[in-house]
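Notes for the structure review
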Amino acid sequence: MSSRKKILLKVIILGDSGVGKTSLMNQYVNKKFSASYKATIGADFLTKEVLVDDRLVTMQLWDTAGQERFQSLGVAFYRGADCCVLVYDVNNSKSFDTLDSWRDEFLIQASPMDPESFPFVVLGNKVDVDESKRMISSKRAQAFCQSKGGIPYFETSAKEAVNVEQAFEVIARNALAQEESQDFNPDFPETIPINIGEENQGCSC
Amino acid sequence: MTTPTSPSAVHDATADPPSPPSPTASFYDMSDDEEGGYSTIRHSKTGKGVKLLYTKSKVYVHPTPSAKDNIPGYIALIQQKPGLERSTSTASQTAVGSSRGAQSERNSLLLAWVPESSLGSASEIYTKVELADGDSPPKQSYLVPPPPITTAHSSGLGTYAFAVPLSEVFSILVRPPSVGWWFGSVIINTKAGDSFPALFFHDSECQSTIQQRKKLQRESFEISASGQGMFWGGDEVLRWLKRYVTVERSSQEPNIYLIDPSDADKLSFGSGGKPTTDNVRNVLEGKPKDHPSPSSRTKDAQMDPMMQALKSARWNFLEKMSQVTTFTRRTAQAVAENKNVPPQVRRLLQDPQVRTVSDEFDSARLYLARWAMGIAEQSERERNQRMWTARDVMEMEDSEVGEFEILDAEQMSLTDKRKPVTLKEWNGFFNSRTGRLEKTVDEVKERIFHGGLSPEDGVRKEAYLFLLGVYEWDSSKEERDAKMNSLRDEYIRLKGAWWERMVDEQGTLEEREWWKEQRMRIEKDVHRTDRHIPLFAGEDIPHPDPDSPFAESGTNVHMEQMKDMLLTYNEYNRDLGYVQGMSDLLAPIYAVEQDDAVAFWGFVGFMERMERNFLRDQSGMRLQLLTLDHLCQFLDPKLYAHLEKVDSTNFFFFFRMLLVWFKREFEFTDILRMWEGLWTDYLSSNFHLFLAMAILEKHREVIIDHLKGFDEVLKYVNELSGSIDLQSTMVRAESLFLRFQRMVEAIDKKSNFPVPIVRQRLPQPPSSPTTTTPGADGKPRTSSQSSSSTARQNANRAVIANGPGPRPGSSSAAASASGRDKTTGDFVAQGVGAEKEKVISPELRILLSKEVPKLDKHEVREHGGGVGS
Ligand SMILES: Nc1nc2c(ncn2[C@@H]2O[C@H](COP(=O)(O)OP(=O)(O)O)[C@@H](O)[C@H]2O)c(=O)[nH]1
Ligand SMILES: [Mg+2]
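Residues numbered from 1 in each chain as written. Chains lettered and ligands numbered in written order. Predicted model: local features only at pLDDT ≥ 70, side-chain atom pairs only at ≥ 80, totals over all residues. Heavy atoms only, no water.

In the annotation of an unreviewed UniProt entry, chain B is listed under the name GTPase-activating protein GYP7 and assigned to Saxophila tyrrhenica.

If you check an unreviewed UniProt entry, chain A appears there as Rab GTPase ypt7 from Saxophila tyrrhenica. In the Sequence similarities (unreviewed entry) part of its UniProt record, chain A is described as follows: "Belongs to the small GTPase superfamily. Rab family." (UniProt positions renumbered as here; feature names shortened; annotations may be inferred.)

So, on to the sheet that holds strand β2 (residues 43-52) of chain A. Strands belonging to one sheet form pairs held by backbone hydrogen bonds; the direction of such a pair is parallel or antiparallel. The strand order β2-β3-β1-β4-β5-β6 (chain A) describes an open sheet built from six strands, whose pairing is mixed. Of all strands in the sheet, those bounded by a partner on one side alone are β2 and β6 (153-155) of chain A. On average, adjacent strands in this sheet sit at an angle of 25 degrees to one another, irrespective of strand direction. In this sheet, β6 of chain A lies alongside strand β5 (residues 120-125) of chain A in parallel orientation, the contact comprising three bridges. Considered in β6 of chain A, the bridge of Gly-124 of chain A is made with Glu-155 of chain A. Across the sheet, helix α1 (residues 21-30) of chain A lies against β1 (7-14), β2, β3 (55-64), β4 (83-89) and β5 of chain A, angled at about 155 degrees from β3 of chain A, the strand it touches most. Across the sheet, helix α32 (residues 710-718) of chain B touches β2 and β3 of chain A, and the angle it forms with β2 of chain A is around 115 degrees. (Pairing = 2+ DSSP bridges. Helix = DSSP H or I, 4+ residues; strand = E, 2+ residues; numbered from the N terminus. Axes fitted to C-alpha atoms, helices over the stretch in contact; angles between N-to-C directions. Contact = heavy atoms within 4.5 Å.)

Here we come to the coordination of the magnesium ion (ligand 2). Residues and elements named next belong to chain A. For the magnesium ion (ligand 2), the protein coordination sphere consists of Thr-22 (OG1) and Thr-40 (OG1), at 2.0 to 2.1 Å. Placement of Thr-22 in helix α1 and of Thr-40 in the loop between α1 and β2 is noted, with a sequence separation of 18 residues between them. Across the pair, exposure class does not vary: Thr-22 and Thr-40 are buried alike. (Donors = N, O, S within 2.8 Å, 3.2 Å for Na, K, Ca; no water. Buried < 20%, exposed > 50% of the residue type's maximum accessible area, 1.4 Å probe, protein only.)

What follows covers the site of ligand 1. Near ligand 1 there are 18 residues, and of these Gly-18, Thr-22, Ser-23 and Asp-128 of chain A together with Arg-528 of chain B occur at the shortest range. Around ligand 1 the close residues trace back to chains A and B. For ligand 1, an oxygen atom lies 2.7 Å from a polar atom in the backbone of Gly-18 of chain A. Arg-528 of chain B places a side-chain nitrogen or oxygen 2.6 Å from an oxygen atom of ligand 1. Considered on its own, ligand 1 offers 570 Å² of accessible surface; in the complex 93% of this is hidden by protein. When residues of the shell around ligand 1 are assigned to their parent elements, the largest contribution, three residues, is made by α1 of chain A. (Near = heavy atom within 4 Å. Polar contact = N/O pair within 3.5 Å; in protein donor to acceptor, adjacent residues only side chain to side chain. Areas by Shrake-Rupley, 256 points an atom, 1.4 Å probe, with all protein chains shown as cover.)

In structure tokens:
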């Protein structure tokens, strides 16, 4: 076994069906966009190794089905999340309006120890589409993010790989910070049931 | 066999260097004289030309996935003047052999494809030859301008036209038309290892094929004799070739036909099963599965182990090396040293660089696990290992193990013998005058369950309507026609209803919002449903809605039909509405029926049983996952214990498979075969759960030995997609069912419990005062060999578990509250584990029923999540 401590960051991607969650993940991990991804059923994840400030971490990105009713079974994956990414489609106001309920839903299901400081990131996707179709302005989205305690916001295109790398870098960084804040918090016993072999996750020696 | 007669009067072309076809209007002078071999067709100016022996029109090259780029053309067998060793007419008339004459004839024959657009006035001759009686080469010689001879497919921007000497052809890959591959195709592989682009036979546009089909239908002997289903253009091409050369079907790859194979070819191809260079190349290049190449149509299960390993190596290794978890050097070492691992892959693993990578990062383990599975598959061992479960339980029941082993073997051989039901056989089931079924429904279902329906002759179009409940089994032809007529009207009416909604924007605000949202959902989902199937691939018509996100990319007729049908269903079943996953269920039915009204009603029938999967509260899915939990405990406690340990007994990793009946795990053609089997309810109306168990059982060793967490199990199971062999899975599922049935019977006999009849219901909410009383409103089941022994018994006493724990009704509901069902799980575990408390949970007992679990209307209204009617 390698002596290096492995860090697994669990990231949950949420948002209405069709906003581009699967496409964003694939763009980030596999560097490609396909117009023929199937609608996600159930759940799946992709993993990617990244360096965050010289630390090698593994991001486990969880993709879920977007239609509300399929979320009720999602409890199992929400647990132990280190960051939650909320995605909407800038050309679809409904998908923006539901961001708040996605956030609430996540907080209820995942019940992180400190909901106030739990890291979210908002992505406004499909900015490659013609400006005339755009429904949600940057301003409006930024105002929303501000009102929720300063959630980082990115405008992305999974199709044209705009801002995807940058957004996920912040996601990784914030997830790592979250993971570490939990590691070093001796008041709370570790509750994350992630399986990283026999390693002691709380070891800070 | 006839060999071509080359009357000496024909002024054949000389073997001049090829020149591009550039016919002019006055190029040919043609005699129409039918009789007598003396009539000639002469190049009016130079006398140059080649003899067109056979040709077929509407053979397309599909340079891109978009139908609008298809290029129509002719495939042709052409004879040019033989080269230096000029053959005498006697030599050319000897049958196919290895004489010098035959050889030179082969050199003089060209297999060509020319685009329609390049023919100019020669097209008349092409048409004439095409429509001449195809059984022998035309008596008359038709000369056409010589196509440029090509021996390699020059990729790039050039033309797709080619003409390759038959002597250069190594093999022809033949893919007959089938659902999912609308057009049959051939690919010509040269001895030099090159392949020409796939040629697609658009048979429905091709006059000669239509003519030949009609003729064959009249004679009808040919269809059954060939055993190959519907006649298509590619058959004809093979027939041409067989007149001149030896055409031998490869025993390893039944879709490959070797042209004049040498003994060495036969050896390496026939018995050795060596992959062709194309095979390997495709795999290594990671071409999509549908890519028309030798490897693509080879099922994994039939694939050479090396191929399989290479394939997984590509899929998993390269992609997953950068992934995480807890891989150990020991595992890598063990695999690298395993003698069963193909040397190529072993070398790959031993590569120091790869070693470091795999040392550092994990999920190579998933890859290795799959790999280990591939190896296990090869060995006999695996089957024996699977036996322990039955033995285990049987010891407990002190009966014999042997029984089950025989059962398995019996099943295997039975299934081997089962042939698909052809249209002819199907029609034979019915009275030819009244159109009434003359067999018992059970007999028909048994045939379909075990044999499936023929994919090639259109029998599915009709049979599906019975299986899906559109037609009654006891109806007459007349009644069915009348029913279809009124259903067509009804479809139009329903369609009109949402159409008005769209135009008038009527209804409450909430309704309008819902409707708009649903429409958007359908739009998005249809555009990402089965687009790899040619039927749904094209984007050849402009999108009718300029506001659609797909307005720019365009759409095609079939996608538009899909949208219409789903919107109509959304209107038809407003309590539920459209839910994601439904488009996956509709696509195969539509692909078979290709008529929106008919497909719609077939879909409605399918949805009646699938409705419970789509309820807002997910109660139907929970129930099935819970049942799978019980089934796994019952049939394979050891595996269950492991799943428990890795926190996976929510069985969520089967969610996708159960929701859309394995649609995402199998190829389109396999799905049709599977679904028609499931629709029969022949053994159980929940047979899909036995399929799930069969898949799980197949991988049990890997799961137990390698998978250490919920995430790994989920990933592993998700990635089985595309690699599961259907045939053996179905056999295993049947065997598991029979084993299950016997175990239940044995337990019943022993504990002497009166057996209840249970009817499948959704779990009740905890607060509900009514608990499930199975049998209370359940109709007595139709007795049949599989369940008669249980059904016969006391029908009225409802036996609910007498073990510890809450009653099943409320425990399932508790499961929905916690998302994970511990209570019921323990309860059954104790049932199986502890001798005294053994019970069969109602969830399990229902598996013996053939009654389709349909929901009451009020149940849908309550749990549906639509807007109501
Ligand atoms: N123009 C554009 N289309 C996108 C983009 N991302 C996704 N899509 C399309 O939006 C649809 C839904 O994408 P998908 O990733 O499946 O969404 P999900 O349901 O959130 O996973 C598909 O048709 C994608 O091709 C993007 O950045 N730009
Ligand atoms: Mg998705």
